[in-house]
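Read off the chains here:
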Amino acid sequence: MNNRKLGFLVIIGLIFGIFVFSIAYANSIEQEPKPHEPTFVPHEIDSRVGSCSFCHQNAVSGAIVSPHPERLGCSGCHVEE
Ligand code: HEC
Ligand code: HEC
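Residues numbered from 1 in each chain as written. Chains lettered and ligands numbered in written order. Predicted model: local features only at pLDDT ≥ 70, side-chain atom pairs only at ≥ 80, totals over all residues.

Right, let's talk about the site of ligand 2 for a bit. In the neighbourhood of ligand 2, 20 residues make up the surrounding shell, with Pro38, Cys52, His56, Cys74 and Cys77 lying closest. Its residues placed into classes, the shell around ligand 2 shows nine nonpolar, nine polar and two charged. (Near = placed C-beta within 6 Å. Nonpolar A, V, L, I, M, F, W, Y, C, P; charged D, E, K, R; others polar.)

Turning next to unusual backbone geometry. The residue Ala59 is not glycine, and still its phi comes out positive at about 55°. Considering the arrangement of structural elements, one finds Ala59 in the segment after helix H2 (52–58). Even without a glycine there, the phi angle at Ser61 is positive, about 40°. Tracing the sequence through the fold places Ser61 in the segment after H2. The class for Ser61 is exposed, based on 6 C-beta atoms found within 10 Å. (Helix = DSSP H or I, 4+ residues; strand = E, 2+ residues; numbered from the N terminus. Buried ≥ 20, exposed ≤ 12 C-beta atoms within 10 Å, placed from the backbone.)

Around ligand 1, the structure places 20 residues, and the nearest of them are Arg48, Cys52, Cys55, Ala63 and Cys74. Broken down by class, the residue content of the shell around ligand 1 amounts to 11 nonpolar, eight polar and one charged.

Take the domain arrangement of the chain next. Here the chain is described as being made up of domain 1 (1–32) and domain 2 (36–81). Look at where the C-alpha atoms of domain 1 and domain 2 centre, and you get two points 44 Å apart. (Domains from an automatic or database assignment.)

A separate point is the environment of Gln57. Along the chain, Gln57 falls in helix H2. Along the backbone, Gln57 and Asn3 are 54 residues apart, and their C-alpha atoms lie at a distance of 65 Å. Apart from the residues lying within four places of it in its own chain, the contact partners of Gln57 are Val65, Ser66 and Pro69. (Contact = placed C-beta atoms within 7 Å.)

So this is what it looks like as structure tokens:
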């Protein structure tokens, strides 16, 4: 194997290494989901402000349990359709 071929292989190896590393890194930062698309609220909001968590932490009348009970100010993100 001449030096040129060896250099070529080293460069390919480096590019591949960076590629694998960046995928691993991207996966590691995706573990904490960032707020991107809050679901629309299919019911009226105004009369329920302040009691969202009551229903959405206890699954009252079939409410979907909130995946993030630590986020307050629900209607700042979740809006009516
Ligand atoms: C009286 C109980 C109750 C209260 C209070 C309440 N919800 Fe709901 N919520 C429900 C139920 C039941 C559903 C299921 C859809 C339906 O039938 O209306 C729902 C659905 C939702 C959904 C859609 C979830 C999905 O994946 O489809 C969102 C978002 C939501 N509510 C947000 C809120 C917010 C924000 C508040 C406060 C302003 C709130 N809810 C207050 C009972 C409640
Ligand atoms: C910072 C913005 C933000 C706040 C504040 C917030 N949410 Fe959410 N919510 C989201 C996003 C974005 C999603 C979609 C899932 C995800 O990516 O976390 C979601 C998902 C949900 C779901 C699940 C919908 C489904 O179909 O699985 C419910 C229920 C919900 N939120 C209820 C609430 C309630 C109740 C509050 C207040 C106590 C609240 N949210 C506060 C952004 C927010």
